[in-house]
Amino acid sequence: MDAIALLKQYHKTVRALFRLFERTAPNATQTQHDVATQIIEALSRHAAIEEQLFYPVVRETFPDDQEYVLEALEEHHAAKSLLTEIDRLPPTHERFRAKVMVLIESVERHIEEEENTVFPELRRAMGCKQLSELGSALQAAKKTAPTKPHPHLPDEPPLLPLVGVAAGVVDMARSAGESALKRIRC
């Protein structure tokens, strides 16, 4: 699958999680927590692979238009900071739902800009083979991408691929440990 189609598919998945969260009742805190956990993982992985592979290609393809990539990286940083706050808050906290709603609004704007501006320009500038190769690389990177937000890690190459994979491994190990503890407690 080409990179643009793949990223649009990821956007569709994230948007479905957003709609699910928005439909939860304000007092359905456990459901909100469960959906927020899925949003955190999906956006953490998505941000990591875009930072690792997609934005460097955009920078290389449009060397005279670096401002978009820099703004996108800042939007990712802000989203990851908010994801970290959401991840640390109990779902019963009075600001939990508000933080997720602000995140949704911010990410929706980011997605709109990518899909309406960047993707069409990139499709015109790159060949089918290049987009397909980038899509394959994005799919492969997603398997080891971090499942938690890491707003203080580098968000650009050359360090990002190294620390991103390491963070992904740590996140997966942490999740496995948490799952094992839950099974023991039950």
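Everything below is about the structure printed above this text.
Residues numbered from 1 in each chain as written. Predicted model: local features only at pLDDT ≥ 70, side-chain atom pairs only at ≥ 80, totals over all residues. Heavy atoms only, no water.

(A) Quick peek at the environment of leucine 131. By the element assignment, leucine 131 lies in helix H5 (residues 128-144). Overall, the relative accessible area of 1% leaves leucine 131 in the buried class. Distance from leucine 131 to alanine 5, taken between C-alpha atoms, is 9.2 Å for residues 126 residues apart in sequence. Once you skip the residues sitting within four places of it in the chain, leucine 131 turns out to touch Met1, Asp2, Ala3, Ile4, Arg123 and Met126. (Helix = DSSP H or I, 4+ residues; strand = E, 2+ residues; numbered from the N terminus. Buried < 20%, exposed > 50% of the residue type's maximum accessible area, 1.4 Å probe, protein only. Contact = heavy atoms within 4.5 Å.)

(B) Quick peek at the packing of helix H2 (residues 29-61) against H5. Close contact between H2 and H5 brings their axes to 9 Å; oriented N to C, the two are set at 145°. Read as a crossing pair, H2 and H5 show a hand that is right-handed. On H5, the residues that touch Arg45, Ile49, Gln52, Leu53, Phe54 and Val57 of H2 are Leu134, Ala137, Leu138, Ala141, Lys142, Lys143 and Thr144. Of the residues belonging to the contact of H2 with H5, the class tally is eight nonpolar, two polar and three charged. (Axes fitted to C-alpha atoms, helices over the stretch in contact; angles between N-to-C directions. Left-handed = near helix turned anticlockwise from the far one by under 90°. Nonpolar A, V, L, I, M, F, W, Y, C, P; charged D, E, K, R; others polar.)

(C) Summary view of the pattern of salt bridges. By the definition in use, this model includes eleven salt bridges. Linking aspartate 2 and arginine 123 is a salt bridge whose minimum nitrogen-to-oxygen distance equals 2.9 Å. Taken as a pair, aspartate 2 in the segment before helix H1 (3-23) and arginine 123 in helix H4 (residues 96-125) lie far apart in primary sequence, 121 residues in all. Among the residues examined, arginine 123 registers a relative accessible area of 38% and is labelled partly exposed. The partner of glutamate 22 in a salt bridge is arginine 19, and the shortest N-O contact between them spans 2.7 Å. Taken together, the positions of glutamate 22 and arginine 19, both in helix H1 and three residues apart, correspond to about one turn of that helix. Classification of arginine 19 as partly exposed rests on a relative accessible area of 30%. Bridged by salt links that share partners, the residues Arg15, Arg19, Glu22, Glu108, Glu112 and Glu115 form one connected network. (Salt bridge = Lys/Arg side-chain N within 4 Å of Asp/Glu carboxyl O.)

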